[in-house]
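In case you want the letters, here they are:
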Amino acid sequence: MPPRPLLEFAASRVRTLQPSPTLAVTERVRALRRSGVEVIDLASGDPDFPTPVHIRQAATAAIEAGDTHYVTAGGLPELRAAIAAKLASDNGVQVDPDGEVLVTAGGKAALFEAMQALVEPGTEVLILEPSWVSFAPMVQLSGGTPVPVRLSADDGFRLTAERLAAAISPRTRILLVNSPNNPTGRVFDEAEWKVVREAAVAWDLLIFSDEIYEKILFDGRAHHSPASFPELAGRTLTFNGFSKAYAMTGWRLGYVAGPRALLSQIAKVHGHSATCVPGFTQRGAVAALNGPQTPIAEMVAAWDRRRRIAVPLLEQIPGVRCPLPEGAFYLFADVRGAGASSLELANRIVEQAHVAVMPGTAFGEAGEGFLRIALTTPDPQLREALERIRRCLQG
Ligand code: PMP
Ligand code: GLU
């Protein structure tokens with residue numbers, strides 16, 4: 001028998017999947033830099049600050065003390081207790097640290113494991129677009145169907161009851177929300193939360209709430225956790241992590257919290273895949289939650305300053321509009337007037353101006369005509385990058 005082409009051994013649900021576009025652009029930046037090109041990276045969502053020193057010290061002390069073996073699968077009891085205390089005090093969310101909190105290798109792994117546990121063929125998951133790049137692929141990898149709810153730039157990507165209702169079917173089980181939002185920088189207002197609350201109850205949905213940017217808010221805005229709303233508490237999973245708030249992207253630390261009946265299912269997926277998250281990184285997370293929170297305010301002040309620097313510079317470019325983001329550390333610039341697709345523009349900008357940005361279509365069709373610009377670069381490079389983009393787009 002002639003050998004099968006190797007690709008035929010790949011599962012069709014994986015063969016049809018695109019690689020993560022955010023990771024692909026970041027790898028491209030690394031490759032260009034290795035070949036000597038000086039690229040400014042406005043594509044990747046990685047805080048440009050070191051992890052605060054007390055967090056690093058807690059982890060290195062744990063390594064030195066020999067904390068290098070398997071630990072409790074669901075997370076160190078001290079960390080689960082700190083997470084439950086944080087959810088209660090910051091978010092008004094009540095969970096039992098014993099059985100309602102699971103520590104994972106990043107917020108990404110928490111979402112992935114939850115999808116594996118709760119999504120199956122036939123399950124429809126509503127994803128508000130533009131959306132972070134990995135939501136839909138995670139649904140597909142668990143055999144479910146991602147259903148886009150396309151929000152419109154014309155009303156500032158607001159969630160409305162009409163748009164949501166149009167996407168609901170008898171097979172809808174989960175509504176995924178992400179406020180503050182990557183990539184749009186939007187923060188849900190009261191009316192949007194009302195839409196979420198009413199829809200969840202009316203259609204008997206679970207809410208997956210990705211709150212990874214909760215600490216990054218501007219102009220005095222407040223964060224709301226849907227699990228703090230009485231009617232949603234029993235039907236919400238709260239996802240969060242340490243990457244953004246504490247500049248700990250490389251540590252791979254996150255968690256999911258919510259009702260025991262669901263967490264016990266997710267814990268099985270976790271046990272059979274991750275086993276546990278390293279104990280010494282978890283010691284860093286304990287220090288992050290229990291230690292001083294001032295480093296967050298310092299980083300948010302920098303991102304606040306940069307959005308004010310960047311938006312007027314972008315708006316000087318003919319055909320470009322950009323609202324100030326309300327939260328998270330991305331600008332979502334409207335380049336519909338620039339006369340090319342967002343992918344063409346992003347490619348032109350990286351080739352000619354040596355600045356990496358994300359094309360809006362990486363976040364779904366609703367992102368066409370937009371570029372995502374991360375504010376995670378020091379002010380001088382940010383100014384230089386925007387000047388290069390201006391020269392490039394003005395031709
Ligand atoms: N959700 C959103 C919206 C994100 O932008 C990211 C990217 N970092 C994540 C989840 C996952 O972050 P991590 O796995 O580093 O915790
Ligand atoms: N979430 C970040 C981003 O959107 C980091 C990369 C990733 O995990 O997708 O750029």
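Just so you know, the residues in each chain are numbered from 1, in the order the chain's sequence is written. Chain A is the first chain written and ligand 1 is the first ligand written, with later ones labelled in order. Side-chain atom pairs in this predicted model are given and counted only at pLDDT of 80 or more, local residue features only at pLDDT of at least 70, and totals for whole chains, interfaces and linings cover all residues. Hydrogens and waters are ignored; side-chain quantities use all the structure's heavy atoms.

### Structural notes on the sheet that holds strand β7 (residues 236-241)
Pairing between two strands requires that DSSP report at least two bridges joining them. A run of H or I in DSSP counts as a helix once it spans at least four residues, and a run of E counts as a strand once it spans at least two, with each numbered from the N terminus. Spatially, β2-β8-β7-β6-β5-β3-β4 is the arrangement adopted by the seven strands of the open sheet, whose pairing is mixed. Each edge of the open sheet is held by one strand with a lone partner, namely β2 (101-104) and β4 (145-150). Between one strand axis and the next, the sheet turns through 20 degrees on average, direction left out of account. When strand β5 (residues 172-177) meets strand β6 (residues 206-210), the two strands line up parallel, connected through four bridges. Bridge pairing links V177 to S209 in β6. This element, helix α10 (residues 260-273), spans β2, β6, β7 and β8 (254-257) of the sheet and lies at about 25 degrees to β2. Fitting a line to C-alpha atoms yields each axis, with helices limited to the stretch in contact; the angle taken between N-to-C directions then spans 0 to 180 degrees. For this analysis, residues touch if any pair of their heavy atoms sits within 4.5 Å.

### Re the site of ligand 2
Here, proximity means that at least one heavy atom of the residue falls within 4 Å of the molecule or strand. Around ligand 2, the structure places T22, G45, K108, W132, V133, N182, K244, Y330 and R372. Polar contact is the term for a pair of N or O atoms within 3.5 Å; when the atoms are in protein, one must be able to donate a hydrogen and the other to accept it, and sequence-neighboring residues count only if both atoms are side-chain atoms. Within the side chain of N182, an N or O atom sits 3.0 Å from an oxygen atom of ligand 2. Shrake-Rupley sampling with a 1.4 Å probe provides the accessible areas, and residues are treated as covered by the protein chains on show and by no other component. Its free accessible area being 280 Å², ligand 2 has 85% of it covered by the protein chains. Of the residues that constitute the shell around ligand 2, the class distribution is three nonpolar, three polar and three charged. Nonpolar residues are Ala, Val, Leu, Ile, Met, Phe, Trp, Tyr, Cys and Pro. Charged residues are Asp, Glu, Lys and Arg, and all others, Gly as well, are polar.

### Notes on the packing of helix α5 (residues 107-118) against α10
α10 packs onto α5 with a crossing angle of 115 degrees between their chain directions and a minimal axis gap of 8 Å. The orientation of α5 with respect to α10, classified from their angle, is roughly perpendicular. Considering only the axes of α5 and α10, their crossing is right-handed. For the pair α5 and α10, contact is made by E113, A114, Q116, A117 and L118 and by L262, Q265, I266, V269, H270 and S273, respectively. In these notes the angle categories are as follows: under 35 degrees is roughly parallel, over 145 is roughly antiparallel, 65 to 115 is roughly perpendicular, and the rest is oblique. Note on convention: near helix rotated counterclockwise from far helix by under a right angle means a left-handed crossing. Clockwise means right-handed.

Spatial relationships are all this shows, so hold off on functional conclusions.
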